[in-house]
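# An overview of the molecular structure
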Amino acid sequence: MTMPKPHSGRPRVGLMLPISEGQMDGGVARWTDILAMAQTAEAVGFDSLWLADHFIYRFPGEEESGPWEAFTILAALAAATKRVQIAPLVAATSFREPALLAKIADTMDEVSGGRFILGLGAGWNQPEYTAFGYPYDHLASRFEEALTIITGMLRGEHVTFQGRYYQVEDAFLRPRGPSDRGPRILIGAKQPRMLRLVAQHADAWNTAWPVEPQMLSAAWNNMLAACEAVGRDPATLELTVGTVAQPLGPGESAEPSDSVIIGSPEEVAKVLMSFGQLGASHLVVNARPRTVAGVERFGEVIRLMDQMA
């Protein structure tokens, strides 16, 4: 199996911001906290900021919790930053009508000055669908229909579509944001049908959450098969990776984990650079601790990655 061409230089590094209860070192991230982390991330060298798109969390045996609404925070971040890209990881197409989501994305492109990435997915967390009144059936089929409408509108078409789940009549976007053909579309996917849709429609693919570079091999093999099935040159598809990392400070120690990259800043930097050697051009990192101090500490990892490039 052939991995993508090694990324030249260091891969871009994005930061997952905490917007749910309990995620900010056990506390609630208020807007002032999120803003401080975002502006600190931009200052220390992060290349992008990412938010999860959920409404509530209800898991057996756990206290229920909830996040802030993602696109409201993304728009505020777009206005409050200058350099970093802004994106959801990933927006569930079933939470918003697809034509509306295309309109939101194009407006985000305008507010951010072309820095917005439209991350899309089919959704998965059934309790929030039930709580907020969204249908949970046929998620992949709904996603395929939504994607047809969204991509057509963002790429400048007048879209008429009569599907089983969505219908639009001569829908189009005016005015347009600064990006040619709209913002880049990234899709997070794992299953064969979803991978086929990535190969057909996406500019970038995200796989999450591997913590060892060799874990990319099987995932990329599946993506190659999807590209071959639809006649897509895999070299035209950007590989992005979501991962979790905790650089340790002087004198700190932590138990090894199979779900978190743990080590000195140099050790963490080496692992992240290894993802780049396997072709990943953009890493979306859930950096721990999820505080301003944790973001500042991760700046040392980015500086070391720059030296290693």
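Provided above is the structure to which this section pertains.
Figured I'd write up the structure that's included with this text. For every chain, the first residue of its written sequence is number 1, and the numbers climb from 1 along that sequence. Restriction of local features to residues with pLDDT of at least 70 applies here, the model being predicted, together with a cutoff of 80 or more for giving and counting side-chain atom pairs; totals for whole chains, interfaces and linings are based on all residues. Only heavy atoms go into the side-chain values, all of them from the structure, while hydrogens and water stay out.

### A short note on the overall build of the chain
Which entries qualify depends on this criterion: Runs of H or I in DSSP of at least four residues are treated as helices and runs of E of at least two as strands, each being numbered from the N terminus. Just to be clear, the radius of gyration here is over C-alpha atoms, and the globule rule we use is 2.2 Å times residues to the power 0.38. The classification of residues rests on relative accessible area computed with a 1.4 Å probe and restricted to protein chains. Under 20% of the type maximum is buried, over 50% is exposed, and intermediate values are partly exposed. Contacts were defined at the residue level, with two residues in contact if any of their heavy atoms lie within 4.5 Å. Here the accessible surface of atoms and residues is derived via Shrake-Rupley with a 1.4 Å probe, and residues count as covered only by protein chains that are part of the display.
Helices and strands together make up the secondary structure of the chain, namely 9 helices and 12 strands. What you see for the chain is a C-alpha radius of gyration of 19 Å, in line with the 19 Å of a compact globule of 309 residues. Projected onto its principal axes, the C-alpha positions of the chain cover 60 × 45 × 40 Å. The buried share of the chain, reckoned over its 309 residues, is 54%. In the chain, 72% of the contacts between residues at least 6 apart in sequence involve partners at least 24 apart. On the chain, roughly 13800 Å² of surface is accessible, and the fraction owed to carbon and sulfur atoms is 51%.

### Notes on the nonpolar core
So the rule is basically this: As used here, the term nonpolar core means buried Ala, Val, Leu, Ile, Met, Phe, Trp, Tyr and Cys residues forming a set that is joined through side-chain atoms within 4.5 Å.
By size, the foremost hydrophobic cluster in this structure holds 88 residues, and its most contacted members are L120, W205, M223 and F298. It is helix α5 (residues 139–154) that provides the largest number of residues to this core, a total of 8 residues. For L120, the residues in contact, after removing those within four places along its chain, are V90, A91, T93, L101, F143, L147, I150, I185, L186, I187 and G188. Within the second largest apolar cluster, 10 residues are counted, among which are Y57, A87, I117 and V284.

### Let's talk about the packing of aromatic side chains
Heads up, the condition is: Aromatic pairs are defined between Phe, Tyr and Trp rings, using the six-membered ring for Trp, whenever the two ring centres lie within 6.5 Å; interplanar angles under 30 degrees are classed as stacked, those over 60 as edge-to-face, and all others as tilted.
For the coordinates displayed, the defined rule picks out 12 aromatic pairs. On the numbers, 5.1 Å between centres and 70 degrees between planes, the contact of Y129 with Y136 is edge-to-face. By relative accessible area, Y129 is classed as buried at 1%. Measuring from centroid to centroid gives 6.1 Å for W205 and W220, while their planes differ by 35 degrees, and the two rings are tilted. You can see W205 sitting in strand β9 (residues 204–208) and its partner W220 sitting in helix α7 (residues 216–230), a full 15 residues away along the chain. Assessed through its relative accessible area of 2%, W205 is described here as buried. Given the relative accessible area of 2%, W220 is considered buried. An aromatic cluster is present here, built from F55, F95, Y129, F132, Y134 and Y136 joined pairwise through their rings.

### Brief notes about the side chain of R142
Its place among the elements puts R142 in helix α5. Not counting chain neighbours up to four residues away, the residues in contact with R142 comprise P135, D137, Y165 and Y166.

### Structural notes on helix α9 (residues 292–308)
As a reminder of what qualifies: By definition here, a helix of n residues has an expected span of 1.5 Å times n minus one.
Its 17 residues give α9 an end-to-end C-alpha distance of 25 Å, which sits within 8% of 24 Å, the value for a rise of 1.5 Å per residue. Among all positions in α9, only G294, V295, F298, G299, V301, I302, L304 and M305 are buried. Turning to α9, the residues buried within the fold contact β1 (12–16), α1 (31–44), β10 (238–247), α8 (265–277) and β12 (282–287).

### Observations concerning the packing of helix α3 (residues 98–111) against α5
Note the cut-off: Fitted lines through C-alpha atoms give the axes, limited to the stretch in contact for helices. The angle between two N-to-C directions lies from 0 to 180 degrees. By definition, any crossing whose near helix is turned counterclockwise from its far helix by less than a right angle is left-handed, and any crossing with a clockwise turn is right-handed. As a working rule, the residues Ala, Val, Leu, Ile, Met, Phe, Trp, Tyr, Cys and Pro are called nonpolar, Asp, Glu, Lys and Arg charged, and the rest polar, with Gly in that last group.
Interaxial distance between α3 and α5 falls to 8 Å at its minimum, and their mutual angle equals 40 degrees. The chirality of how α3 crosses α5 is right-handed. In contact with P98, A99, L101, A102, A105 and D106 of α3, α5 contributes A146, I149, I150, M153 and L154. Tallied by class, residues from the contact of α3 with α5 come to 10 nonpolar, no polar and 1 charged.

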